[in-house]
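Below are the chains, spelled out letter by letter.
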Amino acid sequence: MSATASLVWQGPIPPAHEMEHYERVMPGSANRILAMAESQTGHRQQLETTVVTGNIESERRGQRYGLAVVAAGRLDMNQKKVREAIKVVDLAAGLKHVYETMGQ
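Right, let's walk through the structure included here. The numbers attached to residues start from 1 for each chain and follow its sequence in the written order. Side-chain atom pairs in this predicted model are given and counted only at pLDDT of 80 or more, local residue features only at pLDDT of at least 70, and totals for whole chains, interfaces and linings cover all residues. As a rule here, side-chain values come from all non-hydrogen atoms in the structure, and water together with hydrogens is ignored.

### Section: the overall build of the protein chain
- The helix count covers DSSP runs of H or I at least four residues long, the strand count covers runs of E at least two residues long, and both are numbered beginning at the N terminus. Tallying secondary structure elements over the protein chain gives two helices and zero strands in all.
- For a compact globule of 104 residues, the expected C-alpha radius of gyration is about 13 Å, and the protein chain comes in at 38 Å, more than 25% above that figure.
- Projecting the C-alpha coordinates of the protein chain onto the three principal axes gives extents of approximately 125 × 35 × 15 Å.
- Think of it in three bands: residues with accessible area under 20% of the maximum for their type are buried, residues over 50% are exposed, and the middle band is partly exposed, with areas taken using a 1.4 Å probe on protein chains only. A buried classification covers 7% of the 104 residues belonging to the protein chain.
- Here the protein chain contributes 12 positively and 11 negatively charged side chains, and the mean placements of these two sets differ by 11 Å. The globule rule used for comparison is 2.2 Å times the number of residues to the exponent 0.38, while the radius of gyration itself is calculated over C-alpha atoms. Note on charges: Lys and Arg go in the positive column, Asp and Glu in the negative column, and His and the chain ends are not counted at all. The atoms used to mark charge sites are NZ of Lys, CZ of Arg, CG of Asp and CD of Glu.

### Focus: the pattern of salt bridges
- By definition here, a salt bridge exists when the distance from a side-chain nitrogen of Lys or Arg to a carboxyl oxygen of Asp or Glu is within 4 Å. Tallying each qualifying case throughout the model produces two salt bridges.
- With a shortest N-O distance of 3.5 Å, Glu48 and Arg44 are connected by a salt bridge. Pair noted here: Glu48 and Arg44 are both in helix H2 (residues 29-103), with a separation of four residues, about one helical turn.
- According to the relative accessible area criterion, Glu48 is partly exposed, its value standing at 43%.
- Classification of Arg44 by relative accessible area gives partly exposed; the value is 41%.
- For Arg60, the salt bridge is made with Glu57, and the minimal N-O distance between the two is 3.3 Å. A residue pair is termed a helical-turn pair when its members lie 3 or 4 positions apart in one helix, as Arg60 and Glu57 do in helix H2 at three residues.

### Examining the side chain of Ser29
- Along the chain, the position of Ser29 falls in helix H2.
- A polar contact is formed between the side chain of Ser29 and the backbone oxygen of Tyr22, at a distance of 2.9 Å.
- Not counting residues up to four positions away in its chain, the partners in contact with Ser29 are Tyr22 and Glu23. Polar contacts here mean pairs of N or O atoms no more than 3.5 Å apart (in protein, one a potential hydrogen donor and the other a potential acceptor; neighbouring residues in sequence count only if both atoms are side-chain atoms). In this description, contact between two residues means that some pair of their heavy atoms is separated by no more than 4.5 Å.

### Section: the side chain of Glu18
- Its location among the elements puts Glu18 in helix H1 (residues 16-25).
- Here Glu18 occupies a buried position and makes no salt bridge, while the nearest side chain of opposite charge, Arg24, is found at 8.1 Å.
- Ignoring anything within four residues of it in the chain, the contact list for Glu18 reads Leu7 and Trp9.

### Notes on a nonpolar patch on the surface
- Where nonpolar side chains cluster on the molecular surface, the patch consists of Leu7, Trp9 and Tyr22 and spans about 260 Å² of accessible area.
- Relative to the assigned elements, Trp9 resides in the segment before H1.
- For Trp9, a relative accessible area of 31% puts it in the partly exposed group. Patch definition: residues with relative accessible area over 30% and no salt bridge; like charges joined within 9 Å; nonpolar side chains (Val, Leu, Ile, Met, Phe, Trp, Tyr) joined within 5 Å. In these tables, accessible area is a Shrake-Rupley quantity obtained with a 1.4 Å probe, and a residue counts as shielded only by the protein chains included in the view.

### Some details on the environment of Pro12
- Within the secondary structure layout, Pro12 lies in the segment before H1.
- Here Pro12 is in contact with Ile33 and Ala37, once residues within four sequence places are set aside.

Now the structure itself:
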């Protein structure tokens, strides 16, 4: 008959009784484990800052591009209105010319 036991914990630092066991087996290992956990935490926080900063820049860029698209569309609409106004003025000038010509 055999028995198997396993111990599972969540997070970078083992439970206190395990840390004590590591320290007995290899003096200084508890400090190394804590230093490793602190280093990993700092690294993760730096990555999170990079991701958040990148997301903010991406959102700003998207807003600028969206504004550019809307402005371009608005400008195009205004240009169409200007072209239509020019056509109306040309038509009016042409009618005036025809009216003046017929009146002579």
